[in-house]
Amino acid sequence: MSGAADTFDEMHDPSGAVRAGYAEYCRWFDEQPADLLKRKDQEAEASFRRTGITFNVYGEHDAEERLIPFDMVPRIITANEWRRLTRGIEQRVSALNAFIHDLYHRQEIIRAGRLPERLLANNDAWLSNMVGFTPPGGVYTHIVGIDLVRTGPNDFFVLEDNARTPSGVSYMLENRETMMTMFPELFTRVPVSTVSDYPRRLARSLAACAPSATTGKPTVAVLTPGIYNSAYYEHAFLADQMGAELVESGDLRVVGGRVCMRTTRGFEPIDVLYRRVDDDFLDPLSFNPDSMLGVPGIMDVYRSGGITIANAPGTGIADDKAIYSFMPEIVEFYTGEKPLLPNVETYRCADRETLKYVLDNLEELVVKEVHGSGGYGMLIGPTASKKEIRTFRAKLEANPQNYIAQPTLALSTCPVFTRKGLAPRHVDLRPFVLVSPDNVEIVPGGLTRVALKKGSLVVNSSQGGGTKDTWVLKD
Amino acid sequence: MLGRTANGLFWMFRYLERVENTARLLDAGLRMALTRDVISAEDEWRSVIATLGQGAGFEAKYGIYTGTQAWNYILRDKDNPACLHALMRTVRTNARAVRTAISSDLWTAVNEGWMKIDEALSRPVTQSAVGDVVKMIKGVGTLAHGAFGNSMLRDAGFHFARAGTFVERADSTARILDMKYYLLLPSVSYVGSSLDAGQWDQLLRSVSGDRAFRWLNTGKADARGIVEFLILDQRFPRSLAYSHTLLRESLTTLARLHGSDGTSSELVCQSAAMLDELTIDQVFDEGLHEFLTGFMFRNGEIADAIAQDYRFLD
C-alpha cells in the first residue's frame, strides 16, 4: 500500500495508519464488497462514454475522441490544508495580475533590477499591442489554474502557473457528478465541500469584468476553435452550464465597433468573450494573418472598450517557465510578503554556470522546454534511457535558454483502484481560481491528475494520466 | 440563437430523419426479398437502392444486386458517402456542435445511439444479424425523438429541429412514392388495375404505414387509395399533407418568435393550404410524377428560404 519510503502517502501515515481526512472514507471502503467496486469501476467508464466526456487527440484518426481514465478513489484535502493553500494561491494570483499589468505599463520590476529585461525581449507571449492598455476592471488573468505538487505534510509546491487558458475544470465537475451518482451514501457520511457552483461563479466573475460599452446585463460567450479541438467538450460544457453562447470564429464579426455574433435575428453584440483560442489566433489583423479561428478587428474593439477578452491577450507572458523561476521574487515585489507557496527549485539553463550543473546532473533532473506544455518536450532524467539523455543533451547545448531544469520531486501518492486492490500512484493538483476586479475566489476542490503507471511521475492526460475527484473537507 | 446553431439543429434532425427513412426502406426491402425468388429479390434490392439514390455508386462497385452486398452498401460501405453509418456520424457531429442547444437527454440518446450503431456496423452485417441491426437503428431514432419531445425547451431551437424533420420527411415520402410509382406503374393507365399487392405492401412498410392503412381501409389496397393516403391524409404522420402542416406550425411559430414573417413561412403556408384543398383526382389529372416533382421542388425552396430567413450561413 505505501509507496517508497521518501514519498508522502496522502492516505496513510508512515506507520500505516489512515490519516484523519481519509478515516471515514476508508471505513466506508472497507465495508464495500470487492465485486461491487469492480462493477462500479466499469460503470463509471461506460457513463463517461455515454455522456461524451472526451478529449480529442490530434493526429490519431481512429482514436479521435478519448476518455481520460477516471479513478474512483477520491483525493481528500482537509479544511486546514485547504485554508493554507487558498491563502498561498490568492497571494500568488494577485501578484501575477499585478505583474502582468506592470509589464505592459511602467515595468517597475525591471527598473528595480528584480527581473532581467531579456526575458521579455525574446518572449513569444509578449504582445506589444497590450503596452499601455489596461483591460476592463484591470483584470488580466480571469481564470487561472495553479498546478501544485506535494512532498510532505506541509510541503506544497507550485509546479506551474497556467495563466492563459487553463483547462480541466469540466473534469473537476463531472468527476464529482459521477462520484455522487455512483456512491451517494458517501456524501452523507463525509462532509465534502461543493464544487458545483463553479459555472455560476465563473459567469458572475466574467460579467463583473464587462467593458464600458456594456448596456444592461452583460452578454457572455465562450469562443471555441470548434468540435475538433482537444478541449471542445469542456468549452461546450462551460457554455452550457453558464447559459452562455458557444461561438466559433465564423459566428463573429465586428459590426459598428462591437464584436457581434450572427444570430437568427441578426448581429448581436458580445460584452465578455471567454476565449479558448490562443493569442496568436485571436485576430488575423493583429497577429497570425492565416488564422481562421479568430475575429478580424477584435483587438481594435478591445482597445476601445467594446469587449472584454478573458483571459486578456498577452497574459501568457506570466506563465512561461523562464518567468516561473522568478515567481518568488515577483510575489515579494508586488505583495511585499514572502511567498506562502514555494516554487520548485528551478535552474535556468540560460545561465552558463547553471547549464554546466544541469548537463552534469541530467540523470537526476527534469528538464523542460520554456514554452512547452502538456508534458511534451521534456526529459525525466531518472527514468530516461541513455540514448534519450544523449539526444536531450545535444538539444540543451544547442539552445540552452530554451530550457529550465528542476530536481525530480517525490510527488505524493494517493491510492488508485486497480483490479488487485488499492495501489499508490503519484498525483498533482490543479485548483481553479477566478479573478474579478475586487475578488479572487477559489472553488474548494480542483482537478487531481494521477499517473496511472506504477512509479510514473507523468500525470498529463495527453501522456496517459488519469483524474480523480478532489474532496475538500468542511470543518 | 446563433445562426450556426439553428443550422446545426435543422441538419441534425434532417439527418436523423434520413437515418430512420433509410432503415425503414431497408426493412421493407428485407421483408420483400425474403418472400421472393432470387431474380425478383434482385429487383427489390435494385429498387431500394434506386429509391435511396445510390444506384450509380452501387452499380459502379458491384454488377449485380445481391442482398448481402446491398444492405452492407446501404448500411456501412465506406465507398458510399450516404451509407447509414456516415449519416449517423453526421447526426452525432451536428449534435456535438449544437451541444449547448439540446437537452442532455437528447444528447445522451444520440451519443449512445451512435455508439451502438458504430459498434453494430464495425464489421460486415450477416444475413442472420441484419434484421436485428435494422430494428436497433429504428429504436435509436425513436429514442432520440422521445428524448427530444420530453426534454427540449419549446423555444426557437425546438422549431428549427422540427423544421428539419418535416422538410426531410416530406422529401423522403415524396421521393419513395415517385420512385415506386415508376417501378410499379409503367404508365398512368395502370392506376386502379390489380397490381402486385406485395409491392404496394412494401411501399407502405417503407413509410411504416402498412398497419395504419389497413386499419383505415379495412384491408383494401389499391394504388389510388395508397397514393391518396401518402399525399393527403392528415392523420398519417409521414404524409405530405401532415409534414407540411407541421412544418407550417413550426415556421409560423419561428416567424412569430422573431417578430417578422419570413419567406419560408409564406411559402409553407401556401403549400399547406394547397394540400388542404387538393383532391386525389387533381393529383392524377396533373400526373403523379409531375405533382411529386413540383412538390419536391417547392419543399426544397422552403428549406433554402429557412436558411436565408434565419441566417444559417453568413
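Check the entry above for the structure.
Everything numeric in this text was worked out from a predicted model, so none of it was measured. (Residues numbered from 1 in each chain as written. Chains lettered and ligands numbered in written order. Predicted model: local features only at pLDDT ≥ 70, side-chain atom pairs only at ≥ 80, totals over all residues. Heavy atoms only, no water.)

Visitor: Account for the nonpolar core, naming residues and giving values.
Guide: Core analysis: the biggest nonpolar cluster contains 98 residues, and Leu75, Leu106 and Ile231 of chain B have the highest contact counts within it. If sequence neighbours within four positions are ignored, Leu75 of chain B has contacts with Leu26, Cys83, Leu84, His85, Leu121, Val125, Val130, Val133 and Ile137 of chain B. Counting 68 residues, the second largest nonpolar core, distinct from the first, contains Ala95, Val139, Cys209 and Leu273 of chain A. (Core = buried A, V, L, I, M, F, W, Y, C linked by side-chain atoms within 4.5 Å. Buried < 20%, exposed > 50% of the residue type's maximum accessible area, 1.4 Å probe, protein only. Contact = heavy atoms within 4.5 Å.)

Visitor: Explain empty space enclosed by the protein to me, using residue names and the numbers behind them.
Guide: In this structure the tally under the stated criterion is three cavities of 30 Å³ or more. Taken as a whole, the largest cavity holds about 50 Å³ of empty space. If you trace the largest cavity, you find it lined by Gly52, Tyr232, Tyr233 and Ala236 of chain A together with Arg96, Arg99 and Trp107 of chain B. Looking at side-chain class alone, the lining of the largest cavity contains four nonpolar, one polar and two charged residues. (1 Å grid on protein atoms, 1.4 Å probe; cavity = no way out; pocket = protein on both sides within 12 Å on 5 of 7 lines; lining within 4 Å. Points joined across faces, edges and corners; volume = space filled by probe spheres on them. Nonpolar A, V, L, I, M, F, W, Y, C, P; charged D, E, K, R; others polar.)

Visitor: Can you break down the packing of helix α13 (residues 263–277) of chain B against helix α15 (residues 288–309) of chain B residue by residue, with the values?
Guide: All names here are of chain B. Following both chains from N to C, one finds α13 and α15 inclined at 155 degrees, their axes separated by 7 Å at the closest point. Here α13 lies roughly antiparallel to α15, going by the angle between them. Handedness of the α13/α15 crossing: left-handed. On α15, the residues touching Thr263, Ser264, Ser265, Leu267, Val268, Ser271, Met274 and Leu275 of α13 are Phe291, Phe295, Arg298, Glu301, Ile302, Ala305, Ile306 and Asp309. The residue inventory of the contact of α13 with α15, partitioned by class, reads nine nonpolar, four polar and three charged. (Axes fitted to C-alpha atoms, helices over the stretch in contact; angles between N-to-C directions. Helix = DSSP H or I, 4+ residues; strand = E, 2+ residues; numbered from the N terminus. Parallel < 35°, antiparallel > 145°, perpendicular 65-115°, else oblique. Left-handed = near helix turned anticlockwise from the far one by under 90°.)

Visitor: Break down the sheet that holds strand β13 (residues 347–348) of chain A for me, citing the residues and quoting the values.
Guide: Residues and elements named next belong to chain A. Reading across from one edge, β13-β16-β14-β15 is the order of the four strands in this open sheet, with antiparallel pairing throughout. Edge strands, defined here as strands with exactly one partner in the open sheet, are β13 and β15 (378–380). Relative to β15, strand β14 (residues 365–369) runs antiparallel, the two sharing three bridges. Residue Val366 lies in a different strand from β15, and its bridge partner there is Ile380. (Pairing = 2+ DSSP bridges.)

Visitor: Residues and numbers for the packing of aromatic side chains, please.
Guide: Within the structure shown, the criterion is met by 31 aromatic pairs over all chains. Relative to Tyr242 of chain B, the ring of Phe166 of chain B has its centre 6.0 Å away and its plane inclined at 65 degrees; by these criteria the two rings are edge-to-face. Of this pair, Phe166 of chain B sits in helix α8 (residues 156–184) while Tyr242 of chain B sits in helix α12 (residues 240–258), and the two are 76 residues apart along the sequence. Among the aromatic residues, those joined into a ring-pair cluster are Tyr25, Trp28, Phe29, Phe183, Phe187 and Trp471 of chain A. Geometry around Phe326 of chain A places Arg348 of chain A over its ring, the cationic atom sitting 3.5 Å from the centre. (Phe/Tyr/Trp six-rings, centres within 6.5 Å; stacked < 30°, edge-to-face > 60°. Lys NZ or Arg CZ within 6 Å of the ring centre and 35° of its normal.)

Visitor: Give me the lowdown on helix α9 (residues 232–242) of chain A, citing residues and values where you can.
Guide: Extensive coverage of α9 of chain A is indicated by the burial of nine of its eleven residues. Those residues of α9 of chain A lying buried are Tyr232, Tyr233, Glu234, His235, Ala236, Phe237, Leu238, Ala239 and Met242 of chain A. Buried positions along α9 of chain A lie against α6 (169–182), α8 (198–207), β6 (220–223), β7 (245–247) and β11 (272–275) of chain A together with α5 (84–97) of chain B. Two residues or fewer past α9 of chain A, Gly243 of chain A is found with a positive phi of approximately 70 degrees.

Visitor: Could you give an account of the interface of chain B and chain A, naming the residues involved and the relevant values?
Guide: Taken together, the 25 residues of chain B in the interface contact 26 residues of chain A. A combined buried area of about 2300 Å² lies between chain B and chain A, and 45% of that area is made up of carbon and sulfur atoms. Applying the counting criterion to the chain B and chain A interface returns two salt bridges. We note a salt bridge from Arg4 of chain B to Asp251 of chain A, for which the minimum N-O separation is 2.6 Å. Connecting chain B to chain A are 16 residue pairs in polar contact (both at pLDDT 80 or more). Residue assignment for the side of chain B that touches chain A shows that the elements contributing at least two residues are α1 (3–34), α5, α6 (104–120) and α12 of chain B. Per-element tally for the side of chain B that touches chain A: the top contributor is α6 of chain B, with five residues. Its residues assigned to classes, the side of chain B that touches chain A shows eleven nonpolar, six polar and eight charged. (Buried area = accessible area lost by both parts, 1.4 Å probe. Salt bridge = Lys/Arg side-chain N within 4 Å of Asp/Glu carboxyl O. Polar contact = N/O pair within 3.5 Å; in protein donor to acceptor, adjacent residues only side chain to side chain.)

Visitor: Before we move on, can you summarise the packing of α1 of chain B against helix α4 (residues 67–76) of chain B with the specific residues and values?
Guide: Residues and elements named next belong to chain B. Packing of α1 against α4 leaves a shortest axis separation of 11 Å and a crossing angle of 170 degrees. The angle between α1 and α4 falls in the class roughly antiparallel. Contacts between α1 and α4 involve Thr22, Leu26 and Leu30 from the first element and Trp71, Ile74 and Leu75 from the second. Taken together, the residues of the contact of α1 with α4 sort by class into five nonpolar, one polar and no charged.

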